[in-house]
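Spelled out, the chains give:
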Amino acid sequence: MSINHIRPWRNIYRRNSRQIMVGNVPVGGDAPITVQTMTNTLTTDARATIEQVQAAAEAGADIVRVSVPDQESAKAMKEIVRESPVPLVADIHFHYKRGIEAAEAGAACLRINPGNIGDEKRVKEVIKAARDHNCSIRIGVNAGSLEKHLLDKYGEPTPDAMVESGLDHIKILQDNDFHEFKISCKASDVFMAAAAYQQLAEATDAPIHLGITEAGGLTSGTIKSAIGLGQLLWMGIGDTIRVSLSADPVEEVKVGYEILKSLGLRHRGVNIISCPSCARQGFDVIKTVEKLEERLAHIKTPMSLSIIGCVVNGPGEALMTDVGFTGGGAGHGMVYLAGKQSHKQDNASMVDHIVEQVEKKAAELDAASAAEAVQAAE
């Protein structure tokens, strides 16, 4: 929950949900909203998949999903799980044995639609494997693959049809006394997905996995996801998110974190506040921010940095950030530390200097956090 007593208009009251575990990562309840992505390598190429999982984890992914379409992929999962720094979700479609094999291989969660993996006996076998191997389940409803009887009933994919599908699948698990599940109801249509998720949030207390599926490329998909996920998160709906982009999985993680950071729901790395630049700018804002984003990508400490081209808004923005730089005249600008004017800095070496100041501040924040942790443990 994001609570701000000084600025109550920033408050987000998260929906109450049950909490489940995906490996060692809690999802739902009062746990932080987690960020997920999915590998796009052939799972049978264990080494390539491991490298992609590790890159996603380094970017901040809490959970990574891996497709398990065949027996060879299920066998590869053992090695991938062994070397993964984060819990893995096995993506299962149609063949129930892949779900059993993935659970046995150490997957932390199975992504399935109970209704499309066969008769009740087969569903029970997958549920038993999940229970025996301490594996949770994600019910993954998708507008593009709804059951025929629901399409016949509603005429086309609709929010009502998606929610009915999800609740039918929930009943299958609950009838088998299995409750370690979360659920998603994704659509590429932002309106449909948002409406379905709102209905679903009222119909179940299960943790909700948010996503706008098949959102598009890096730019268009980021915008669609920010609109769809942003409004739901603002309403307090969502316990874990995946931004679906036709792009590198690392980009999905970055966008996911930026969405959460913009709403104050998760904080990781440097939040750069920068102006779009104009004729008043005292330095090249766009190029400077590009360089700083690259140079500061290694910082994981939550902190803020303002880069403003002139003195119109610069001092005001700097008051609210850990480190700030405001453009001035004669090739110099003003550096702000902890919201206060500190010293002038020439534009020629400003990037190196700002990186140095940010790294120094991050070290101070980390040390303070460590000291608080020690004090709390005593």
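About the criteria used
- What you see as residue numbers is a count from 1 along each chain, following the sequence as written.
- Residues qualify for local features only when their pLDDT is at least 70, as the model is predicted, and side-chain atom pairs are given and counted only at 80 or more; totals for whole chains, interfaces and linings, by contrast, use all residues.
- Based on all heavy atoms of the structure, the side-chain values leave hydrogens and waters out of the count.
- Here, any two strands with at least 2 DSSP bridges between them count as paired.
- A run of H or I in DSSP becomes a helix once it reaches four residues, and a run of E becomes a strand once it reaches two; helices and strands are each numbered from the N terminus.
- An axis is simply a line fitted to the C-alpha atoms; with a helix, the fit covers only the stretch in contact. Between two such axes, the angle follows the N-to-C directions and lies from 0 to 180 degrees.
- Here a residue-residue contact requires only that any non-hydrogen atoms of the pair lie within 4.5 Å.
- Stacked, tilted and edge-to-face are the three classes applied to pairs of Phe, Tyr and Trp rings, where Trp contributes its six-membered ring and a pair requires centres within 6.5 Å; stacked means planes under 30 degrees apart, edge-to-face means over 60, and tilted covers the rest.
- Any residue under 20% of the maximum accessible area for its type is buried, any over 50% is exposed, and the rest in between are partly exposed; the area is computed with a 1.4 Å probe on protein chains only.
- In this scheme, the term charge over a ring applies when either NZ of a lysine or CZ of an arginine sits within 6 Å of the ring centre and within 35 degrees of the ring normal.
- By convention in these notes, a salt bridge is any Lys or Arg side-chain nitrogen within 4 Å of a carboxyl oxygen on Asp or Glu.

(A) How the structure looks around the sheet that holds strand β10 (residues 240-242). The sheet built from eight strands is open, its strands ordered β8-β7-β6-β5-β4-β3-β10-β9 with parallel pairing. In the strand order of this sheet, the two ends are held by β8 (181-186) and β9 (209-210), each with one partner. Across three bridges, strand β5 (residues 88-91) lies against strand β6 (residues 109-112) in parallel orientation. From the neighbouring strand, Asp91 faces β6, where its bridge partner is Arg111.

(B) Spatial organisation of the sheet that holds strand β12 (residues 303-308). Here five strands make up an open sheet; going across it, the order is β11-β12-β13-β14-β15 and the pairing mixed. Each of the sheet's edge strands pairs with one partner strand only, and the pair in question is β11 (270-274) and β15 (340-346). Strand-to-strand, the axes of this sheet are offset by a mean angle of 20 degrees, without reference to chain direction. Across six bridges, strand β14 (residues 332-337) lies against β15 in antiparallel orientation. Residue pairing across strands places His332 opposite Asp346, the latter belonging to β15. Here helix α12 (residues 350-377) sits on the sheet and contacts β11, β12, β13 (323-327), β14 and β15; the angle it forms with β12, its principal contact strand, is near 160 degrees.

(C) Local environment of the packing of aromatic side chains. Tallied over the entire structure, the rule returns one aromatic pair. Measuring from centroid to centroid gives 5.3 Å for Phe283 and Phe325, while their planes differ by 75 degrees, and the two rings are edge-to-face. With Phe283 in the loop between β11 and α10 (285-295) and Phe325 in strand β13, this pair connects stretches of sequence that are 42 residues apart. The pair formed by Phe283 and Phe325 is uniform in burial state, with each residue classed as buried. The positively charged end of Arg18 is found above the aromatic ring belonging to Phe181, 4.9 Å away from the centroid. When the ring centre of Tyr257 is taken as reference, the NZ or CZ atom of Arg268 above it lies at 5.8 Å.

(D) The arrangement of the pattern of salt bridges in detail. Scanning all chains against the criterion turns up 19 salt bridges. In this structure, Asp239 engages Arg14 in a salt bridge whose closest nitrogen and oxygen atoms are separated by 3.0 Å. Remark: Arg14 occurs in the segment before β1 (19-22) and Asp239 occurs in the loop between α8 (218-234) and β10; sequence separation between them is 225 residues. For the pair Asp239 and Arg14, a shared accessibility class is recorded, and that class is buried. Of the charged contacts, one joins Lys361 and Glu364 as a salt bridge, the two residues approaching to 4.0 Å between their closest N and O atoms. Of the two residues, Lys361 and Glu364 both sit in helix α12, three residues apart, roughly one turn of that helix.

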